Amino acid sequence: MQRHLSLYVEKELQHLSIDPFNQRYFSEKKTIRNHMYKYIVKERTSSIDQEELGNKVVMWKSQHPNHNFFFRPFATGDDGEDSKNLLFVHQTDSQSNFLKKYGNVVLMDATYKTMKYMLPLFFLVVKTNNDFQIVASFIIQSESSADIGEPLEVIKQWNPEWKYQNCMTDYDESEIHAIEKVFPGVYL
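Here we look at the sheet that holds strand β4 (residues 121-127)
Within a sheet, each strand pairs with its neighbour through backbone hydrogen bonds, oriented either parallel or antiparallel. Judged by pairing direction, the sheet is mixed, and its six strands sit side by side in the order β1-β2-β5-β4-β3-β6 without closing on themselves. In this open sheet, the two strands that pair with only one neighbour each are β1 (68-72) and β6 (166-169). Between one strand axis and the next, the sheet turns by 20 degrees as a mean value, whatever way the strands run. The pairing of β4 with strand β5 (residues 132-140) spans seven bridges and is antiparallel. In the strand pairing of β5, Phe123 is matched with Ser137. Of the strands in this sheet, β2 (87-91), β3 (105-111), β4 and β5 are in contact with helix α4 (residues 93-102), which crosses β5 at around 115 degrees.

Now the structure itself:
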């Protein structure tokens, strides 16, 4: 952002002969970051992140009616026992098309520590004739076999004609058990 601001001042305001040490036009990174953060906070509809994501999902669904979204916030039951773990699943219509066309071999991988929270972000990926493409993504709260299997069930329901034959994944027992349960007979 700092580079973009500098280029703007140099190109658009060059007739003003602005001193490069003038902080009004050449701000420090910290000042720029603070302005960006203030804007993000101002645009939020809730101070609670799960509510904000729920609001975003509603907005995304209205903007992209052909995309698939599933969101369930974390909630505990009245007795503290019946809790529902956080789940977010997303697939665009083009990702769905890639899955139908190239989905006989699917790679599943998770990435960690990519966001503020310690939640695993999973990707389903296929090899196309040119490159690898993400065909679905999901965020879960824990890496139990049941929690991994639930978004796979959602993706399976969204893509009924998907012929899942082979899967490649990390050597993680919970991932393997979830895949075997949701897709019986798949070759791992």
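Further notes follow.
A few points about α4
Taken as a whole, α4 has its buried residues at Gln95, Ser96, Leu99 and Tyr102. Here the buried residues of α4 occupy an arc of 155 degrees about the axis, which is enough to place them on one side. Structurally, α4 contributes buried residues whose contacts are with β2, β3, β4, β5 and α5 (145-158).

Scoring rules and cut-offs
- Residues numbered from 1 in each chain as written.
- Predicted model: local features only at pLDDT ≥ 70, side-chain atom pairs only at ≥ 80, totals over all residues.
- Heavy atoms only, no water.
- Pairing = 2+ DSSP bridges.
- Helix = DSSP H or I, 4+ residues; strand = E, 2+ residues; numbered from the N terminus.
- Axes fitted to C-alpha atoms, helices over the stretch in contact; angles between N-to-C directions.
- Contact = heavy atoms within 4.5 Å.
- Buried < 20%, exposed > 50% of the residue type's maximum accessible area, 1.4 Å probe, protein only.
- Arc of directions from axis to C-beta.

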